[in-house]
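This is what each chain is made of:
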Amino acid sequence: MDAVLMWFICVCTLLFAVFSFRWFYVDADGDLTLLWAERYGRSPAELRGKVAWITGASSGIGEALAYELAKYGVKLALSGTKVDRLEAVKTECLAQGPLKDDDVLLVPFDITDFSKHSECFEKVVGHFKKLDILVNNAGRSQRARFDEITTEVDYQLFGTNVFSHVSLTRVVLPHFLSNGGGHVMVNSSIAGKYGLPNSASYTGSKHAIQGYFECLRTEFEAKGVNVTVACPGPVFSNVIERCFTGTPGEVFGEKQKETDKRMSTSRCAQLMAVALANNLDEVWISLQPSLSICYLSQYMPTVFRR
Ligand SMILES: NC(=O)c1ccc[n+]([C@@H]2O[C@H](COP(=O)([O-])OP(=O)(O)OC[C@H]3O[C@@H](n4cnc5c(N)ncnc54)[C@H](O)[C@@H]3O)[C@@H](O)[C@H]2O)c1
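Predicted model only: the values in this text are computed from it and were never measured.

A. Just the overall build of the protein chain, in detail. Check the secondary structure of the protein chain and you find 10 helices and 7 strands. For a compact globule of 306 residues, the expected C-alpha radius of gyration is about 19 Å, and the protein chain comes in at 21 Å, within 12% of that figure. Dimensions of the protein chain, computed from C-alpha atoms along their principal axes, come out at roughly 80 × 50 × 40 Å. Taken across its 306 residues, the protein chain has 49% of its residues classed as buried. Considering only intrachain contacts with a sequence separation of at least 6, the fraction spanning at least 24 residues in the protein chain is 73%. Of the accessible surface of the protein chain, which amounts to about 15,100 Å², a share of 58% is contributed by carbon and sulfur atoms. Across the protein chain, 31 positive and 33 negative side-chain charges occur, with their mean positions spaced 2 Å apart.

Right, dumping it as structure tokens:
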């Protein structure tokens, strides 16, 4: 009898180990809090009627997030530099169902032109009479070795990935405070959690974003300003094609391959919408092994660095 019980316990333990491995490692594409929120938390449908402003909405993750939020009836201000692409995104947003023509506003501008930030914000609030969510998503990546990067590229990359988001958020913040609150999401990266090789300025910019927006949360959460820092791993988009190198004015230009191990923009956007609906502080959105590397770097940094 004891032997039968022993066998039973062994088989149960093995099955538990196999299923846990499958769930934690193979299937997981987000951190545990995020996946819990997706299954048991608030649905993004609860965001219906809110107004969200997404920068970098003309392609990639920003475009997919626009479709995801449009599906749930979130009114949208969409920014990017390419007007024809923004118009195509608007058409697709309207095709999702709940929104009318007036519910999607196009606000094209170059995010590094800080002098335009107030004017663009006034356009959004003038149209919708309010703003509930700002998604700082626009950004560019980089492929270059540390010692090949010029300081000019460092400045340009920080201008696009850091100072533009900080400036736009400072413009929007008084509106959130006078309206009793608001939600700022910033698209960082797993490069905001540890050092990615061949992208020192990019990695530096994403670490900087983490710092800025952590401070924003610490200072303003009690006044109703929620901050979500999204950290995606590799996602299929135009990010590699358009990325900086180490030389000013040069664009990397390489296309992602279909065989690359990357998440789809739609899945990334789905999880970002869950993070918004559940007001999560920081979310990791990635396929393996990047997701596990994130856990390792956070909880076992010495092992990770070895
Ligand atoms: N794709 C990935 O693997 C990945 C992973 C982690 C984080 N991210 C981050 O996600 C965000 C979106 O990137 P993506 O992957 O969708 O790439 P993408 O190139 O498809 O989209 C970037 C968007 O930002 C806009 N943009 C860039 N520079 C701009 C400027 N000066 N003014 C206005 N708009 C500008 C582009 O027009 C585009 O709409 C970026 O911040 C990126 O760092 C991407």
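Moving on from the coordinates now.
B. How the structure looks around the site of the ligand. Around the ligand, the structure places 29 residues, and the nearest of them are I61, N137, Y202, V235 and S237. The separation between an oxygen atom of the ligand and a polar side-chain atom of S58 is 2.9 Å. Here S237 contributes a side-chain N or O atom positioned 2.6 Å from an oxygen atom of the ligand. Partitioned by chemical class, the residues of the shell around the ligand number 9 nonpolar, 15 polar and 5 charged.

C. Broad picture of the sheet that holds strand β3 (residues 104-106). In spatial order, the strands read β3-β2-β1-β4-β5-β6-β7; together these 7 strands make up an open sheet with parallel pairing. Here the strands that pair on one side only, and so sit at the sheet edges, are β3 and β7 (282-285). Ignoring strand direction, the axes of neighbouring strands in this sheet form an average angle of 15 degrees. Helix α4 (residues 83-95) rests against β2 (75-78) and β3 of the sheet, and its axis sits at about 180 degrees to β3. In the packing of helix α7 (residues 200-220) onto the sheet, the strands contacted are β4 (133-136), β5 (182-187), β6 (225-232) and β7, and the crossing angle to β6 comes to about 160 degrees.

D. Spatial organisation of a nonpolar patch on the surface. Taken together, the side chains of L296, Y299, M300 and V303 define a hydrophobic patch exposed on the protein surface, amounting to about 400 Å² of accessible area. Mapped onto the fold, M300 is located in the loop between α9 (290-299) and α10 (301-305). Assessed through its relative accessible area of 44%, M300 is described here as partly exposed.

E. Geometry of unusual backbone geometry. Note the cis peptide between Q288 and P289, where omega equals 5 degrees. Backbone geometry at K129 places phi at a positive 70 degrees, although glycine is not the residue there. Assessed through its relative accessible area of 63%, K129 is described here as exposed. The backbone of N279 sits at a positive phi, close to 50 degrees, despite the residue not being glycine.

F. A look at helix α8 (residues 265-277). Its 13 residues give α8 an end-to-end C-alpha distance of 18 Å, which sits within 8% of 18 Å, the value for a rise of 1.5 Å per residue. Taken together, the buried positions of α8 are T265, R267, C268, A269, L271, M272, A273, V274, A275, L276 and A277. Turning to α8, the residues buried within the fold contact α2 (32-40), α3 (60-71), β4, β5, β6 and β7. Downstream of α8 by a residue or two, N279 has a phi angle that is positive, lying close to 50 degrees.

G. Spotlight on the side chain of S167. Along the polypeptide, S167 turns up in helix α6 (residues 151-178). What makes S167 buried here is its relative accessible area of 17%. In this view, S167 contacts F114 and H117; residues no more than four positions away in its chain are not counted.

H. Broad picture of the nonpolar core. Of all hydrophobic cores here, the largest spans 79 residues; its most connected members are W53, L69, L76 and L78. If you tally residues by element for this core, the top one is α8, at 9 residues. With residues up to four places along the chain from it excluded, the contact list for L78 reads I54, A57, A66, L86, V89, K90, C93, V104, L105, L106, V107 and P108. Formed by 7 residues, the second largest nonpolar core is a distinct cluster that contains L157, A191, Y202 and F244.

Conventions we followed
Residues numbered from 1 in each chain as written. Predicted model: local features only at pLDDT ≥ 70, side-chain atom pairs only at ≥ 80, totals over all residues. Heavy atoms only, no water. Helix = DSSP H or I, 4+ residues; strand = E, 2+ residues; numbered from the N terminus. Rg over C-alpha atoms; globule rule 2.2 N^0.38 Å. Buried < 20%, exposed > 50% of the residue type's maximum accessible area, 1.4 Å probe, protein only. Contact = heavy atoms within 4.5 Å. Areas by Shrake-Rupley, 256 points an atom, 1.4 Å probe, with all protein chains shown as cover. Lys, Arg positive; Asp, Glu negative; His and termini not counted. Charge placed at Lys NZ, Arg CZ, Asp CG, Glu CD. Near = heavy atom within 4 Å. Polar contact = N/O pair within 3.5 Å; in protein donor to acceptor, adjacent residues only side chain to side chain. Nonpolar A, V, L, I, M, F, W, Y, C, P; charged D, E, K, R; others polar. Pairing = 2+ DSSP bridges. Axes fitted to C-alpha atoms, helices over the stretch in contact; angles between N-to-C directions. Patch = residues over 30% accessible without salt bridge, like charges linked within 9 Å, V, L, I, M, F, W, Y side chains within 5 Å. Salt bridge = Lys/Arg side-chain N within 4 Å of Asp/Glu carboxyl O. Expected span 1.5 Å × (residues − 1). Core = buried A, V, L, I, M, F, W, Y, C linked by side-chain atoms within 4.5 Å.

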